[in-house]
Amino acid sequence: MKFFLKRFVAIILIGFFGSSIGMVFVYKVMPVYVTPLMVIRLFQQKSKGEKLKLYHHWVPLEKISPNLPVAVVASEDQLFMKHHGFDLDQIQDAAIERLEGTRRRGGSTISQQTAKNVFLWPTSSWVRKGFEAYFTVLIEFVWGKKRIMEVYLNSIEMGDGIYGASAVARRHFNTTASQLTKGECATIAATLPNPLRFNSATPSPYIVKRKYAIMRQMKNVRPSLAPILSEDE
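Residues numbered from 1 in each chain as written. Predicted model: local features only at pLDDT ≥ 70, side-chain atom pairs only at ≥ 80, totals over all residues. Heavy atoms only, no water.

Engineer: Explain the overall build of the protein residue by residue, including any values.
Structural biologist: Regarding its fold elements, the protein presents 10 helices and three strands. Burial statistics for the protein: of 233 residues in total, 44% are counted as buried. A sequence separation of at least 24 residues applies to 71% of the contacts in the protein between residues at least 6 apart. Carbon and sulfur atoms make up 61% of the accessible area of the protein, which amounts to about 13,000 Å² in all. (Helix = DSSP H or I, 4+ residues; strand = E, 2+ residues; numbered from the N terminus. Buried < 20%, exposed > 50% of the residue type's maximum accessible area, 1.4 Å probe, protein only. Contact = heavy atoms within 4.5 Å. Areas by Shrake-Rupley, 256 points an atom, 1.4 Å probe, with all protein chains shown as cover.)

Rendered as structure tokens:
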């Protein structure tokens with residue numbers, strides 16, 4: 001009995017690691033057309049009797065305004081090009097805040113958010129965090145920073161039923177991802193902590209304030225992103 005149980009566990013583990021590593025290698029070159037979050041949101045809309053909304057169109061990084069990766073790094077993860085998937089200081093600060101019961105911050109890097117968006121579910125738990133760490137290490141090793149940024153900007157939730165740079169550019173600014181201005185990119189980045197609450201098309205005073213703060217930071221982080229940006233500046 002123990003032999004068969006061990007064999008069963010071994011098969012499950014081999015299957016998981018094999019399939020997960022295989023998916024990471026596939027997504028290194030193939031566009032991510034759908035994510036678990038997109039499917040979950042559709043079910044949530046259906047359960048509420050709402051109209052189903054899913055706006056998403058994959059575009060390569062070269063067809064996204066270089067201002068957008070600069071803006072999201074300035075807003076979300078200023079050490080993106082320096083860390084290997086995890087910002088230990090942010091993780092420590094987030095853990096302390098949780099223990100103290102003060103304001104809760106995510107502490108997640110762009111790499112961690114990408115791993116969660118593409119491979120996992122949004123509900124926070126220690127199990128999901130464990131899988132998130134595993135996939136973060138994989139994509140850092142297999143994809144590299146440029147591909148992580150490309151997938152992030154195409155898969156991140158940017159509004160109600162809106163995913164990625166192309167969709168938000170069209171739905172909120174009536175333009176293409178490549179034509180987004182510096183101000184528009186900063187406004188989008190300002191809403192990312194809660195894109196269902198904050199709307200980049202009609203920014204609140206709070207989002208406008210965050211937008212200008214992000215724009216001030218963009219000049220500081222832009223040089224670090226030179227290896228992944230396609231721009232003549």
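Engineer: Explain the packing of helix 3 (residues 67-76) against helix 7 (residues 145-155) to me, and be specific about the residues and the numbers.
Structural biologist: Remark: helix 3 packs on helix 7, axes separated minimally by 11 Å, with the N-to-C direction vectors making an angle of 90°. The orientation of helix 3 with respect to helix 7, classified from their angle, is roughly perpendicular. Two secondary-structure elements touch here, helix 3 through Leu-68, Pro-69, Val-72, Val-73 and Glu-76 and helix 7 through Met-149, Tyr-152 and Leu-153. Class assignment of the residues belonging to the contact of helix 3 with helix 7 gives a composition of seven nonpolar, no polar and one charged. (Axes fitted to C-alpha atoms, helices over the stretch in contact; angles between N-to-C directions. Parallel < 35°, antiparallel > 145°, perpendicular 65-115°, else oblique. Nonpolar A, V, L, I, M, F, W, Y, C, P; charged D, E, K, R; others polar.)

Engineer: Break down a nonpolar patch on the surface for me, with residues and values.
Structural biologist: A contiguous nonpolar patch, built from Val-26, Val-29, Met-30, Tyr-33, Val-34, Val-39 and Phe-43 and spanning about 700 Å² of accessible area, is present on the exposed surface. As for its position among the elements, Phe-43 is in helix 2 (residues 36-47). (Patch = residues over 30% accessible without salt bridge, like charges linked within 9 Å, V, L, I, M, F, W, Y side chains within 5 Å. Salt bridge = Lys/Arg side-chain N within 4 Å of Asp/Glu carboxyl O.)

Engineer: Lay out the pattern of salt bridges with the relevant residues and their values.
Structural biologist: Enumeration over the complete set of coordinates arrives at seven salt bridges. In this structure, Glu-62 and Lys-146 form a salt bridge, with 3.2 Å as the shortest nitrogen-oxygen distance. Of the two residues, Glu-62 is situated in the loop between strand 1 (55-56) and helix 3 and Lys-146 in helix 7; the sequence distance between them amounts to 84 residues. For Glu-62, a relative accessible area of 46% translates into the label partly exposed. The salt bridge involving Glu-132 is made with Lys-129; its shortest N-O contact spans 3.8 Å. One end of the pair, Glu-132, and the other, Lys-129, are both in helix 6 (residues 126-142), three residues apart, so they sit about a helical turn from each other. You can call Glu-132 buried: its relative accessible area is 2%. Given a relative accessible area of 24%, Lys-129 falls into the partly exposed group. Sharing partners across several salt bridges, the network here consists of Arg-128, Lys-129 and Glu-132.

Engineer: Lay out the packing of aromatic side chains with the relevant residues and their values.
Structural biologist: The tally for this structure, following the rule as stated, stands at six aromatic pairs. Each ring, one from Phe-119 and one from Phe-135, has its centre 4.5 Å from the other, and the planes form 5°; the classification is stacked. Here the residue Phe-119 occupies a position in helix 5 (residues 110-119), and Phe-135 occupies one in helix 6, the gap between them amounting to 16 residues. A single burial state applies to Phe-119 and to Phe-135, both of which are buried. (Phe/Tyr/Trp six-rings, centres within 6.5 Å; stacked < 30°, edge-to-face > 60°.)

Engineer: Which residues make up the packing of helix 9 (residues 182-191) against helix 10 (residues 205-221), and what values go with them?
Structural biologist: The N-to-C vectors of helix 9 and helix 10 enclose an angle of 115°; their axes lie 8 Å apart at closest approach. In the crossing of helix 9 with helix 10, the sense of the turn from one axis to the other is right-handed. In contact with Lys-182, Gly-183, Ala-186, Thr-187, Ala-189, Ala-190 and Thr-191 of helix 9, helix 10 contributes Ile-207, Arg-210, Lys-211, Ile-214, Met-215 and Met-218. For the contact of helix 9 with helix 10, the per-class residue count stands at seven nonpolar, three polar and three charged. (Left-handed = near helix turned anticlockwise from the far one by under 90°.)

Engineer: Explain the side chain of His-83 to me, and be specific about the residues and the numbers.
Structural biologist: Mapped onto the elements of the fold, His-83 is located in the loop between helix 3 and helix 4 (88-100). In this structure His-83 comes out as buried when scored by relative accessible area, which is 8%. Apart from residues lying up to four places away in sequence, His-83 is in contact with Asp-77, Thr-109, Ser-111, Glu-140 and Lys-145.

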